[in-house]
Amino acid sequence: MAEKAPAGAGDEGWPENFIAARIRTDLAEGRNGGRVHTRFPPEPNGFLHIGHAKSICLNFGLAEAFGGLCNLRFDDTNPTREEVEYVDSIREDVRWLGFDWGEREFYASDYFEQLYQYAVQLIRDGKAYVCDLSAEQIREYRGTLTEPGRNSPFRERPAAENLDLFARMRAGEFADGSRVLRAKIDMASGNINMRDPVIYRIARVPHHRTGEQWCIYPMYDFAHGLSDAIEGITHSICTLEFQDHRPLYDWFIEQLPVPSRPRQIEFARLNLSYTVMSKRKLLKLVEEGLVEGWDDPRLPTISGLRRRGFTPEAIRSFCDRIGVAKRNSMVDVALLEHAVREDLNRRARRYLAVLRPLKVVIENYPEGQVEELEAINNPEDEGMGRRKVPFARELYIERDDFMEEAPRKFHRLTPGREVRLRYAYFIRCERVAKDDNGEITTLYCTYDPATRGGSAPDGRKVKGTLHWVAASTAVKAEVRLYDRLFTEPDPGAEKDGRPFTDKLNPHSLEVLENCFLEPALAEAAAGCPVQFERLGYFVRDAACGPAGKPVFNRTVTLRDTWARKAARR
RNA sequence: AGGGGUGUCGUCAAGCGGUAAGACACAGGCCUUUGGAGCCUGCAUUCGUAGGUUCGAAUCCUACCACCCCUGCCA
């Protein structure tokens with residue numbers, strides 16, 4: 001018994017959860033010689049998403065909190081669906097999230113020879129046999145959820161024959177699918193995973209790492225736990241659907257002379273509202289062109305979130321907040337949005353940008369004059385300094401910031417009312433020019449020279465502050481506004497019979513091609529988060545619009561109590 | 001002949017027999033040269049239901065109910 005709680009989790013700000021508690025208990029009881037070793041085990045057959053981020057943060061976070069290690073191990077036992085491209089993107093995403101697996105990048109395929117020897121051992125011990133039943137027959141023999149299965153006619157094959165057959169399977173003497181190696185456990189088990197599970201299949205498919213070296217490949221259940229054991233993993237953390245596999249996981253480890261005894265612990269995978277997380281559904285969105293690719297900024301993939309402007313810090317903070325438990329749950333996407341806003345508020349430089357421009361002419365401002373006004377880069381951090389923003393007679397303001405007939409609580413521009421242009425002057429709207437359709441084309445205003453910088457020496461106050469961009473020096477840009485991809489909180493449920501693709505939000509992407517940015521934004525680097533004041537957080541996309549126009553993606557809007565209240569009315 | 005899980009605020013989630021943390025959301029207020037940020041306040045007499053044990057139960061016992069997962073030579 002430990003006199004005091006082991007160092008690490010609990011007193012380091014690591015959120016308490018049942019897995020951390022379990023590890024703490026294991027440590028207190030002296031298990032694993034005080035070691036904590038986890039692993040993140042993706043199959044390289046798709047892109048990582050925010051659900052994987054939860055697992056990554058958990059596995060790497062736990063290891064770090066307890067002074068242990070976390071391996072990156074690719075579970076590459078099924079070459080028919082795995083590719084190096086996925087390996088590369090997974091590696092990049094994990095690193096981008098801020099985790100380091102050092103030299104410990106492993107592959108289940110690294111252990112194919114050892115795994116094969118383990119299988120041979122099982123055969124020698126009479127605990128595995130080569131079965132000639134077809135896939136369909138195996139299914140029939142397996143029984144159902146409520147009825148036991150029947151023994152395969154090949155179940156009692158002598159060890160010597162099994163050994164010979166298995167060697168010839170490896171040697172390529174048999175056709176794909178003609179035979180499998182099965183563990184001999186219990187065809188009557190209530191747990192279907194224990195009904196003589198297949199542990200090796202024949203497949204003449206080149207493997208992304210081992211090439212054509214093998215034509216038999218181990219199944220997940222056989223390879224996974226044994227790989228854990230080979231790597232000295234102490235806590236093998238996986239999702240709930242593998243709970244039923246735990247007895248099998250333990251069975252292999254108990255039967256074989258493995259170097260360590262890892263234990264499997266399951267937790268609930270992440271579900272996020274207004275999106276889908278399953279590989280199948282994400283793949284469908286990508287393949288059917290419903291989104292623009294795996295890194296579409298509306299997708300919950302790591303690459304999509306990155307392109308959308310999410311930071312690793314925000315994602316990790318989110319993962320810390322959602323907790324870890326065993327109950328199926330659906331996390332409100334608002335929590336993710338909160339996490340980015342919180343992070344970006346601290347670090348994003350502020351700029352002025354007008355998305356839906358409305359021209360303003362300051363009639364009493366000297367024609368041709370341009371002056372430089374000082375603006376604060378980040379009010380949350382004076383250390384980020386100041387910059388100059390050009391002001392001139394002709395400007396753009398946001399169309400939404402003007403209303404000809406405004407309700408009482410509308411604090412923005414309206415005929416006859418004075419408002420502040422941020423960091424500039426108080427202006428008053430004198431008259432409105434319209435085109436033949438009655439559409440407002442220009443606002444004619446006057447300014448008060450005494451209010452330079454944005455405050456009046458006579459102490460008079462103004463209710464609203466608007467963002468603006470001087471017309472002559474403005475940088476043209478394309479801005480993409482993203483919203484949730486689906487209109488329903490749980491589009492993937494499909495309980496109403498409607499496929500999830502019927503629930504796509506038609507307004508999830510709005511492209512604004514005629515936006516104006518203050519000149520300083522021309523140098524914004526792709527991937528560097530910025531705030532457009534009063535609008536939200538944006539990030540420059542690596543892509544360019546026509547004529548080299550910069551493209552900005554909206555990460556998330558600012559909280560907008562005005563809009564929220566207006567929407568309620 | 002089925003097996004394995006889970007049920008605590010709108011959403012996550014602590015709690016481990018001593019009298020319901022926290023976060024997001026929401027609602028008010030303060031402040032404000034971003035209707036941003038920040039600050040303050042409110043928000044489960046109740047823990048799936050019903051019994052029981054106990055001085056005392058979300059925590060222990062019993063029964064019931066609801067939901068999730070499992071019949072790939074996928075992971």
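Quick notes on the rules
- For every chain, the first residue of its written sequence is number 1, and the numbers climb from 1 along that sequence.
- Chain A is the first chain written and ligand 1 is the first ligand written, with later ones labelled in order.
- Confidence filtering applies because this is a predicted model: local features only for residues at pLDDT of at least 70, side-chain atom pairs given and counted only at 80 or more, and all residues used for totals across whole chains, interfaces and linings.
- As a convention, hydrogens and water are excluded, and side-chain values are obtained from all of the structure's heavy atoms.
- The rule for a salt bridge is simple: a side-chain nitrogen of Lys or Arg has to be within 4 Å of a carboxyl oxygen of Asp or Glu.
- Under the DSSP-based scheme used, a helix requires at least four consecutive residues in state H or I and a strand at least two consecutive residues in state E, with every element numbered from the N terminus.
- Exposure classes here rest on a 1.4 Å probe applied to the protein chains alone. A residue is buried below 20% of its type maximum, exposed above 50%, and partly exposed in between.
- Any Phe, Tyr or Trp ring, taking Trp's six-membered ring, that has another such ring centre within 6.5 Å forms a pair; planes under 30 degrees apart are called stacked, those over 60 apart edge-to-face, and the others tilted.
- Charges are assigned to positions over rings by a cutoff of 6 Å between ring centre and Lys NZ or Arg CZ, combined with an angular limit of 35 degrees from the ring normal.
- Each polar contact in these results corresponds to two N or O atoms within 3.5 Å; when the atoms are within protein, one needs to be able to donate a hydrogen and the other to accept it, and residues that are neighboring in sequence are counted only if both atoms are side-chain atoms.
- Contact criterion: two residues are considered in contact whenever any of their non-hydrogen atoms come within 4.5 Å of each other.
- If DSSP finds at least two bridges between two strands, the strands pair.
- Summary of the distance rule: residues count as near a molecule or strand when at least one heavy atom falls within 4 Å of that molecule or strand.
- Each residue receives one of three labels: charged for Asp, Glu, Lys and Arg, nonpolar for Ala, Val, Leu, Ile, Met, Phe, Trp, Tyr, Cys and Pro, and polar for the others, Gly being one of them.

Caption draft 1: View of the pattern of salt bridges. For the structure shown, the criterion picks out 53 salt bridges. Arg 246 is the salt-bridge partner of Glu 266, the closest N and O atoms lying 2.7 Å from each other. Of this pair, Glu 266 sits in strand 9 (residues 263-267) while Arg 246 sits in helix 8 (residues 246-255), placing them 20 residues apart in sequence. Taking relative accessible area as the criterion, Glu 266 reaches 2% and is therefore assigned buried.

Caption draft 2: Structural detail: the packing of aromatic side chains. A complete count under the given rule lists 23 aromatic pairs for this structure. Centroid distance Tyr 116 to Phe 166: 4.8 Å. Interplanar angle 15°. Geometry classified as stacked. One end of the pair, Tyr 116, is in helix 4 (residues 112-124); the other, Phe 166, is in helix 6 (residues 159-171), with 50 residues separating them in the sequence. As far as burial versus exposure is concerned, Tyr 116 and Phe 166 are alike and both buried. The residue whose ring lies beneath Arg 150 is Tyr 141, and the NZ or CZ to ring-centre distance is 4.2 Å.

Caption draft 3: Spotlight on unusual backbone geometry. Backbone geometry places Asp 196, a non-glycine residue, at a positive phi of 45°. For Asp 196, the position within the fold is in the loop between strand 5 (180-183) and strand 6 (198-202). On the basis of relative accessible area, Asp 196 is assigned to the buried category, the value being 0%. At Glu 494, a position not held by glycine, the phi torsion is positive, near 55°. Relative to the assigned elements, Glu 494 resides in the loop between strand 21 (475-482) and strand 22 (509-517).

Caption draft 4: Focus on the side chain of Glu 371. Mapped onto the secondary structure, Glu 371 falls in strand 13 (residues 370-376). Take Glu 371: its relative accessible area is 12%, and that puts it in the buried class. One polar contact links Glu 371 to Arg 452, side chain to side chain, over a distance of 2.7 Å. Glu 371 has contacts with Tyr 365, Val 389, Pro 390, Phe 391, Tyr 425 and Arg 452, leaving out every residue within four places of it along the chain.

Caption draft 5: Up close: the pairing of strand 22. For strand 11 (residues 353-354) and strand 22, the ladder comprises two bridges, and the chain directions are antiparallel. By the bridge assignment, Val 354 is partnered in strand 22 with Phe 516. Pairing between strand 21 and strand 22: seven bridges, direction antiparallel. Residue pairing for strand 22: Val 479 is matched across the bridge by Leu 512.

Caption draft 6: Summary view of the protein's contact with RNA strand B. Inspection of the region around RNA strand B gives 72 residues, with Thr 146, Arg 350, Arg 422, Gly 453 and Gln 531 positioned closest. Near the protein, meaning within 4 Å, the atoms of RNA strand B are sugar or phosphate in a fraction of 62%, with bases accounting for the rest. Between RNA strand B and the protein, one listed contact pairs a base nitrogen with a side-chain N or O atom of Arg 412 at 2.8 Å. Side-chain polar atom of Gln 531 to a base nitrogen of RNA strand B: 2.5 Å apart, as the coordinates give it. Elements with a minimum of two residues in the surface near RNA strand B: helix 5 (135-141), strand 6, helix 11 (312-322), helix 12 (333-347) and helix 13 (561-568). Taken together, the residues of the surface near RNA strand B sort by class into 24 nonpolar, 22 polar and 26 charged.

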